[in-house]
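In case you want the letters, here they are:
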Amino acid sequence: SQQGEEDPQALSIQEGENATMNCSYKTSINNLQWYRQNSGRGLVHLILIRSNEREKHSGRLRVTLDTSKKSSSLLITASRAADTASYFCATAPTGGFKTIFGAGTRLFVKA
Amino acid sequence: KAGVTQTPRYLIKTRGQQVTLSCSPISGHRSVSWYQQTPGQGLQFLFEYFSETQRNKGNFPGRFSGRQFSNSRSEMNVSTLELGDSALYLCASSLGGGGATTGELFFGEGSRLTVL
């Protein structure tokens, strides 16, 4: 079974608007990462937040992590048509040599 | 620096056949992970190798196997193919290390397998 679950499954917004995606997970983790995937391509790493961090920024991306609620959110500000893709959260459970991916959120940004 | 290279990119097989997929990680990366991606199941972890040793394995039948060579290149094999094995198989490399933590994964473009 998957460790992370994203919400919503799909999101459609206008260019310039902000997009927020949420992720929940089940076990204790070392870190949580967000990836982007354009249709049928490989995944691209966006940002990593460690379990002892609460917020992290990278360009137009803002990630928060609440380990007490086992949840994270990804905010993309001032979205662009080029942001259209699937976004996945991924967790590295403590004690394991693997990264587990959620089901993903499909984001569509209309120009 | 060259990225992760997966070959072949596309292949078509029939039920009962076997297939071998190859992954060349980024130079200096010693950890290679494999994932199966399907519309219904999403990204499922297959296995992870570090320095030729399998450190973790996902919940897949024994028909799925892999190995890693001394140059960190990895192969995965699927025997007795079934229709449900049709998927995008993704390889990812990372620096790895001796600890249990995992960092950023660098993905290849994937091998798209179609089983007829």
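To start, this report covers the structure provided alongside it. (Residues numbered from 1 in each chain as written. Chains lettered and ligands numbered in written order. Predicted model: local features only at pLDDT ≥ 70, side-chain atom pairs only at ≥ 80, totals over all residues. Heavy atoms only, no water.)

## Brief notes about the side chain of Gln 68 of chain B
All names here are of chain B. Relative to the helices and strands, Gln 68 is located in strand E7 (residues 64-68). Note on Gln 68: relative accessible area 6%, which makes it buried. From its side chain, Gln 68 meets the backbone oxygen of Arg 30 in a polar contact 3.1 Å long. Contact partners of Gln 68, with chain neighbours within four places excluded, come to Arg 30, Val 32, Tyr 49, Phe 50, Ser 51, Glu 52, Thr 53, Arg 73 and Ser 74. (Helix = DSSP H or I, 4+ residues; strand = E, 2+ residues; numbered from the N terminus. Buried < 20%, exposed > 50% of the residue type's maximum accessible area, 1.4 Å probe, protein only. Polar contact = N/O pair within 3.5 Å; in protein donor to acceptor, adjacent residues only side chain to side chain. Contact = heavy atoms within 4.5 Å.)

## A short note on the interface of chain B and chain A
Taken together, the contact pairs 24 residues of chain B with 21 residues of chain A. Here chain B meets chain A over a buried area of about 1900 Å², counting both sides, of which 53% is carbon and sulfur. Connecting chain B to chain A are one salt bridge. In this structure, the salt-bridge partner of Arg 41 of chain A is Glu 109 of chain B, at a minimum N-O distance of 2.7 Å. In this structure, the connection of chain B to chain A is made through five residue pairs in polar contact (both at pLDDT 80 or more). Element by element, the count of residues in the side of chain B that touches chain A is highest for strand E5 (residues 42-50) of chain B, at five residues. By residue class, the composition of the side of chain B that touches chain A is eight nonpolar, eleven polar and five charged. (Buried area = accessible area lost by both parts, 1.4 Å probe. Salt bridge = Lys/Arg side-chain N within 4 Å of Asp/Glu carboxyl O. Nonpolar A, V, L, I, M, F, W, Y, C, P; charged D, E, K, R; others polar.)

## Observations regarding the packing of aromatic side chains
Here the structure, examined in full by the defined rule, presents eight aromatic pairs over all chains. For the pair Phe 101 of chain A and Tyr 35 of chain B, a centre-to-centre distance of 5.2 Å together with 90° between the ring planes defines the contact as edge-to-face. On the criterion of chain membership, the pair formed by Phe 101 of chain A in strand E10 (residues 100-101) and Tyr 35 of chain B in strand E4 (residues 31-38) is interchain, its members lying in two chains. Assigned by exposure class, Phe 101 of chain A and Tyr 35 of chain B land together as buried. Centre to centre, the rings of Tyr 35 of chain B and Phe 45 of chain B are 5.7 Å apart; their planes meet at 70°, and the pair counts as edge-to-face. Taken together, the residues Tyr 35 of chain B in strand E4 and Phe 45 of chain B in strand E5 connect sequence positions ten residues apart. You'll find Tyr 35 of chain B and Phe 45 of chain B in the same group, each marked buried. Through a chain of ring-to-ring contacts, the aromatic side chains of Tyr 35 and Phe 101 of chain A together with Tyr 35, Phe 45 and Phe 107 of chain B assemble into a single cluster. (Phe/Tyr/Trp six-rings, centres within 6.5 Å; stacked < 30°, edge-to-face > 60°.)

## Some words on unusual backbone geometry
Between Asp 7 of chain A and Pro 8 of chain A the backbone carries a cis peptide bond, its omega angle lying at 0°. Relative to the elements of secondary structure, Pro 8 of chain A occurs in the loop between strand E1 (5-7) and strand E2 (10-14). Residue Pro 8 of chain B is bonded to the preceding Thr 7 of chain B through a cis peptide linkage, with omega at -10°. Looking at where Pro 8 of chain B falls in the secondary structure, it is placed in the loop between strand E1 (5-7) and strand E2 (10-13). With a phi close to 45°, Ala 78 of chain A is a non-glycine residue in the positive phi region. Even without being a glycine, Ser 72 of chain B presents a positive backbone phi close to 75°. Along the chain, the position of Ser 72 of chain B falls in the loop between E7 and strand E8 (74-78). For Ser 72 of chain B, a relative accessible area of 11% gives the class buried.

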